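Each chain, written out:
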Amino acid sequence: MTTVEVGLVPFEEALTRYEPVMGLEVHVELSTATKMFCGCPALFGGEPNTHVCPVCLGLPGSLPVVNGAAVESAIRIGLALNCRIAEVCRFARKNYFYPDMPKNYQISQYDEPIAFDGWTEVEVEGPDGPERYRVEIERAHMEEDTGKSLHVGGSTGRIHGAEYSLLDYNRAGIPLIEIVTRPIAVPGDRAPAVARAYVQQLRDLVLALGVSDARMDQGSLRADVNLSLRPVGTAALGTRSETKNVNSFRSVERAVRFEVSRHAGILDAGGRVVQETRHFHEDTGTTSPGREKSDAEDYRYFPDPDLAPVAPSREWVDALRATLPELPAERRRRLQAEWGFSDLEMRDTAGAGAVDLVAATVAAGSSAQTARKWWLSELARRANEQAVELSALKITPEDVARIQALVDAGAINDKLARQVFDGVLAGEGSPDEVVAARGLAVVSDEGALTEAVDRAIEANPDVAAKIRDGKVAAAGALIGAVMKEMRGQADAARVRELILARLT
Amino acid sequence: MPGPELTDHSAAELSQALAAGETTSAEVTRAHLDRIASLDGELHAFLHVDAPGALAAAEDVDRRRAAGEPLGALAGVPVAVKDLLCTVGQPTTCGSRILEGWVPPYDATVVARLRAAGLPILGKTNLDEFAMGSSTEHSAYGPSRNPWDTARTPGGSGGGSAAAVAARLAPVAIGTDTGGSIRQPGALTGTVGVKPTYGGVSRYGIVAMASSLDQAGPVTRTVLDAALLHEVIGGHDPMDSTSIDAPPPPVVEAARRGDVTGLRIGVVKELGGEGFQAGVRARFEEAVGLLTEAGAQVVEVSCPSFAQALATYYLVMPSEVSSNLARFDAMRYGLRAFPDGVELPSAEQVMAATRDAGFGDEVKRRIILGTYALSSGYYDAYYGSAQQVRSLVARDFDRAFEQADVLVSPTAPTTAFRMGEKLDDPLAMYLQDVATIPANLAGVPGLSLPAGLAEDGLPVGFQLLAPLQADDRLYNAAAALERLLLDRWGGPLTPPLVGQVDSLVGPVGTPEVRA
Ligand SMILES: [Zn+2]
């Protein structure tokens, strides 16, 4: 490597002289049943070289056949990213030698991606509330994954210095969608957060589409961060570095910060940034050089003659568009409007991971504001105490809605409600069971209760006669009728008193 | 069983005799294996002979026939397969050191269809390395020889299949044709060779040379045999995305019809004349005359872009070769060579050493040409413009087929040439395919059949070309011409080797050992 090691410039200081421009390339492994070009299961892991066949091993004579389900997933991702969908597109061969690539070319797409010219909007925290940034999508294309190399011996776990290498082709041929942004030039201090929010948004989006399990820790969602700096106020792009396989959201943010500091150090010292691939290190939050990406890198792309062009009919694309699920950002905007939340309220709700919980509570009959109140105060506090996610608490949105309904009916007050939460969370049963068992019901409306008692007496003259005759035990039947009418929110002892007062 | 030898009979005749119970598949197969044992030491048509496998398959068919099972037309007729097709249980070397000893874990679709149709597979035939060549002299395992004159090549790349069929070592064989590798050997050995419409026969399991041009097809001694074999191996295959998903053309019916009355025959101006041997031209013109007498209507057509076909081919083909052959890297199968004097070689160094040791010069030449043609900065000028000329070739065919039902030309510019004659002159070798290449570029079907002997006493090939998916037109016209030529020459053309069996029986090793 020709890189001169120079000092790092602190991120904030770097931004006084330079503007970062980012490009993000995200690989999403599709969760189709079978691989991109053969019938092998597209499963993570497994005994090495057990999910393989002549096709994904690239044996002489074998031929690829396109997996239609993968094409469908690619189109749905493209549509969700507001892309245009190609009327005809082709696969191309990307030629380079590497032991984990069975054919020494990767079937990918080059100048004819299945989806192109799209955009998505991400939201990040600014000092004055949420800020939205539009990220332009250049393309989303289909390709096959490579196998995996395991380098044994040596200190780095990399191929250089290893004593020997083991190859596992289970992953070879698993369908991938590579989503490439156009250069993203946002205010420098927002760049790390925008990069993170974008990758997070892609994760949420493919999960909502159900096309991938999007596990960064298992490599089914992998981000490459391209970054360059240019002096503030200039337009030309600087030389970029490509940090590969950054495998957590936090690391995406850190990789951007580190590369800004590193580039600034080189540029300040009058050096030239080398166009190269870099590796990100989780432990130190730094990057180190990988392959140098000189002009010598020539993949000799050409259309793969083994595969017919993919020509998704407009009817099919329209049908896929019509059945797209509501996407996360869209849904949040709709719910905020429906609930009448302020930006701050919505952001807090989302930040607490409570959007789905509030939505379900509202669906069970609560108002949005009361649902938000319970989840973000009372329940958030308890989740915090137990160090679990809100959604992991042993209480359902329906329970929360029922407790609020009891409050609304005047059967309990907020203070009693907290005790009901205690009971439900302690596994004592449903809110009504907790109220009954703990005797928490308050009856503030004596008139309603008296009327109910009168109706019960009128409806059950036989029972009333028995009580008048001194058979006080028969009062139970009337108490039951009253409790039923009062939906269990009356105090049974008070009902008994009222009945006996009328009949004895 | 009529006739002097079982091995003299066509597949159609054998099929009838088998169906009538006059012979058994085991008998027929053994007769061919015996002939291989006595003659192939001289011809070297085979790289591997599987006598036990072939006999077991033959006995199985005989049992099924005895049990009254319904069997296909060619059930029990043995076949030889070019060593470019994957075969379970038999090595597949592609004529290259780099795949020496590799036994595929799967059958090519063509091979699977042969097995399913009950054709015992005699063995794997010789070829130029990875089918790159026109003489079999580029085989890493030594050349095949032409049964008409063993000092001459049988053509290539499928010289092994053609020599085997011409010398009656096999009644029928499978070849592959990327630029003429079925048809040119057919011409040089006096056999019938067909390149079906691209996509008419599955490419699955055929080791790719140039994917957009490769096509497997029949190598036989009669037009009807070719049609019968075509029917067995053709038709849609879901494992090959370029396979045509439509009913195959009615080739057998066409081969039985053989009627050219009113047929418009287009003589392609650009495929003949200068550079073509006088005897080749004479036989070609006579054949056109015979067709005219039989009621065909002859027109001359011009396909100007064919002048660029050879150059175009030598951009498209090597480009695809450079990518297709990248997988031979010592990592998973085949040869593994280590660099000299390197203690702990890297994967990259092992790949380079293996490819250096495992590939022959012609293969390396094409990989280098193709790598260059696809390089950034050169792609548009080379691969890009070659693709444009390719569409011009297809357009010329379209226009010609408006004027004629089939097109005709000599198959190869010369009769069989001597061993070594063109080995140091790649361009002279490449010119052997000048008349066959246009069909591959456009995907249209082509057939070569023997049209008599030239002034040198060697066979001449007559080529017929038809529109996409109109393979039946080839068989119809070829069957008519075959009949006219049989009348003219007083019977089928037979290489001298066939009559000299006794004199050639010599110290021949067991074929399996050699492979
Ligand atoms: Zn597979």
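Everything below is about the structure printed above this text.
A.B. asks: Would you take a moment to explain the overall build of chain B for this structure?
C.D. replies: The secondary structure content of chain B amounts to 19 helices and 11 strands. Taking 515 residues into account, the globule formula puts the C-alpha radius of gyration at 24 Å, and chain B, at 22 Å, falls close to it. By its C-alpha atoms, chain B is 70 × 55 × 45 Å across when sized along the principal axes. Each of the 515 residues in chain B was classed as buried or not, and the buried ones make up 63%. Partitioning the intrachain contacts of chain B with sequence separation of at least 6 by distance along the chain shows that 76% fall at a separation of at least 24. Surface exposure of chain B reaches about 17400 Å², of which carbon and sulfur atoms provide 53%. Taken together, the 39 basic and 60 acidic charged side chains of chain B have centroids lying 2 Å from each other.

A.B. asks: Any chance you could explain the pairing of strand S11 (residues 459-465) of chain B here in plain terms?
C.D. replies: On a regular strand, one side chain projects to one face of the sheet and the next to the other, so that they alternate. Residue and element names in this part refer to chain B. The buried fraction of S11 is high, at seven of seven residues. Neither face of S11 is left uncovered, since the one carrying Pro459, Gly461, Gln463 and Leu465 and the one carrying Val460, Phe462 and Leu464 both have all their residues buried. Where strand S9 (residues 406-410) meets S11, four bridges bridge the pair, whose relative direction is antiparallel. By the bridge assignment for S11, Leu407 is matched with Leu465. With antiparallel pairing between neighbouring strands as the criterion, strand S10 (residues 446-453) and S11 make up a hairpin whose turn holds five residues, including Gly457 at a positive phi of roughly 75°.

A.B. asks: How should I be thinking about the packing of helix H8 (residues 355-363) of chain A against helix H9 (residues 368-386) of chain A in this particular structure?
C.D. replies: Packed helix pairs are characterised by how far apart their axes lie and by the angle those axes make with each other. Residues and elements named next belong to chain A. Where H8 contacts H9, the axes come no closer than 9 Å and their chain directions differ by 135°. In terms of orientation, H8 and H9 fall into the oblique class. The handedness of the crossing between H8 and H9 comes out as right-handed. Residues Leu357, Val358, Thr361 and Val362 of H8 form the contact with H9, whose participating residues are Ala368, Ala371, Arg372 and Trp375.

A.B. asks: For this particular structure, what's the right way to read helix H3 (residues 51-66) of chain B?
C.D. replies: For the α-helix, the turn length of 3.6 residues means that residues three or four positions removed from each other point alike. Residues and elements named next belong to chain B. Here H3 spans 22 Å end to end across 16 residues, near enough to the 22 Å set by a 1.5 Å rise per residue. Taken residue by residue, H3 has Ala51, Ala54, Leu55, Ala58, Val61 and Asp62 as its buried positions. Projected down its long axis, H3 shows its buried positions confined to an angular sector of 120°, all on one face. Residues Pro52 and Arg63 are exposed on H3 and point more than 90 degrees away from its buried face. At the N-terminal end of H3, a side-chain oxygen is found 3.1 Å from the backbone nitrogen of Gly53, two or three residues along, and the residue is Asp50. Phi for Gly68, located one or two positions after H3, is positive at around 85°.

A.B. asks: What should I look at first to understand empty space enclosed by the protein in this one?
C.D. replies: Sizing a probe to match a water molecule and rolling it over the atoms shows the empty space that remains. Under the defined criterion, the tally for this structure stands at four cavities of 30 Å³ or more. Of the volumes computed, that of the largest cavity is approximately 90 Å³. Phe37(A), Val55(A), Pro64(A), Lys103(A) and Glu144(A) are the residues nearest the centre of the largest cavity, which is lined by 15 residues in total. Looking at the lining of the largest cavity, its residues break down into eight nonpolar, two polar and five charged. Estimates place the volume of the second largest cavity at around 60 Å³. Looking at the second largest cavity, it is lined by 13 residues, and the ones nearest its centre are Gly61(A), Ser62(A), Ala208(B), Asn324(B) and Arg327(B). Tallied by class, the residues present in the lining of the second largest cavity amount to seven nonpolar, three polar and three charged.

A.B. asks: I'm lost on helix H5 (residues 159-166) of chain B in this one. Help?
C.D. replies: Residues and elements named next belong to chain B. Judged by how many residues are buried, H5 sits mostly within the fold: eight of eight residues are covered. The complete set of buried residues in H5 reads Gly159, Gly160, Ser161, Ala162, Ala163, Ala164, Val165 and Ala166. Taken from the residues just after H5, Arg168 is the one with a positive phi, measuring 65°.

A.B. asks: Would you mind showing me how to read the packing of helix H2 (residues 68-80) of chain A against helix H5 (residues 314-322) of chain A here?
C.D. replies: Residue and element names in this part refer to chain A. Axis separation between H2 and H5 bottoms out at 10 Å; the angle between their running directions is 60°. Considering their axes alone, H2 and H5 lie oblique with respect to each other. In the crossing of H2 with H5, the sense of the turn from one axis to the other is right-handed. Taking contact as the criterion, the partners of Gly68, Val71, Glu72, Ile75, Arg76 and Leu79 in H2 are, on H5, Trp316, Val317, Leu320 and Arg321. When grouped by side-chain class, the residues that make up the contact of H2 with H5 number six nonpolar, one polar and three charged.

A.B. asks: Even after reading the chapter, I still don't get the coordination of the zinc ion, so can you show me in this structure?
C.D. replies: For a metal with four donors in a tetrahedral arrangement, the ideal angle between donors is 109.5 degrees, while six donors in an octahedron ideally sit at 90 or 180 degrees. All names here are of chain A. Coordination of the zinc ion by the protein is provided by Cys38 (SG), Cys40 (SG), Cys53 (SG) and Cys56 (SG), with metal-donor distances spanning 2.3 to 2.4 Å. The site at the zinc ion holds four donor atoms, and with the angles between them running 99 to 115°, its shape is tetrahedral. Linear spacing of the donor residues for the zinc ion on their chain is C-x1-C-x12-C-x2-C. With Cys38 in the loop between strand S1 (18-29) and H2 and Cys56 in the loop between S1 and H2, the pair connects residues that are 18 residues apart, well separated along the chain. Side by side, Cys38 and Cys56 carry an identical accessibility label, which is buried.

Cut-offs and rules
Residues numbered from 1 in each chain as written. Chains lettered and ligands numbered in written order. Predicted model: local features only at pLDDT ≥ 70, side-chain atom pairs only at ≥ 80, totals over all residues. Heavy atoms only, no water. Helix = DSSP H or I, 4+ residues; strand = E, 2+ residues; numbered from the N terminus. Rg over C-alpha atoms; globule rule 2.2 N^0.38 Å. Buried < 20%, exposed > 50% of the residue type's maximum accessible area, 1.4 Å probe, protein only. Contact = heavy atoms within 4.5 Å. Areas by Shrake-Rupley, 256 points an atom, 1.4 Å probe, with all protein chains shown as cover. Lys, Arg positive; Asp, Glu negative; His and termini not counted. Charge placed at Lys NZ, Arg CZ, Asp CG, Glu CD. Pairing = 2+ DSSP bridges. Axes fitted to C-alpha atoms, helices over the stretch in contact; angles between N-to-C directions. Parallel < 35°, antiparallel > 145°, perpendicular 65-115°, else oblique. Left-handed = near helix turned anticlockwise from the far one by under 90°. Expected span 1.5 Å × (residues − 1). Arc of directions from axis to C-beta. Polar contact = N/O pair within 3.5 Å; in protein donor to acceptor, adjacent residues only side chain to side chain. 1 Å grid on protein atoms, 1.4 Å probe; cavity = no way out; pocket = protein on both sides within 12 Å on 5 of 7 lines; lining within 4 Å. Points joined across faces, edges and corners; volume = space filled by probe spheres on them. Nonpolar A, V, L, I, M, F, W, Y, C, P; charged D, E, K, R; others polar. Donors = N, O, S within 2.8 Å, 3.2 Å for Na, K, Ca; no water. Tetrahedral: all angles 85-135°; square planar, octahedral: opposite > 155°, others 65-115°.

Just geometry here; none of it tells us what the structure is for.
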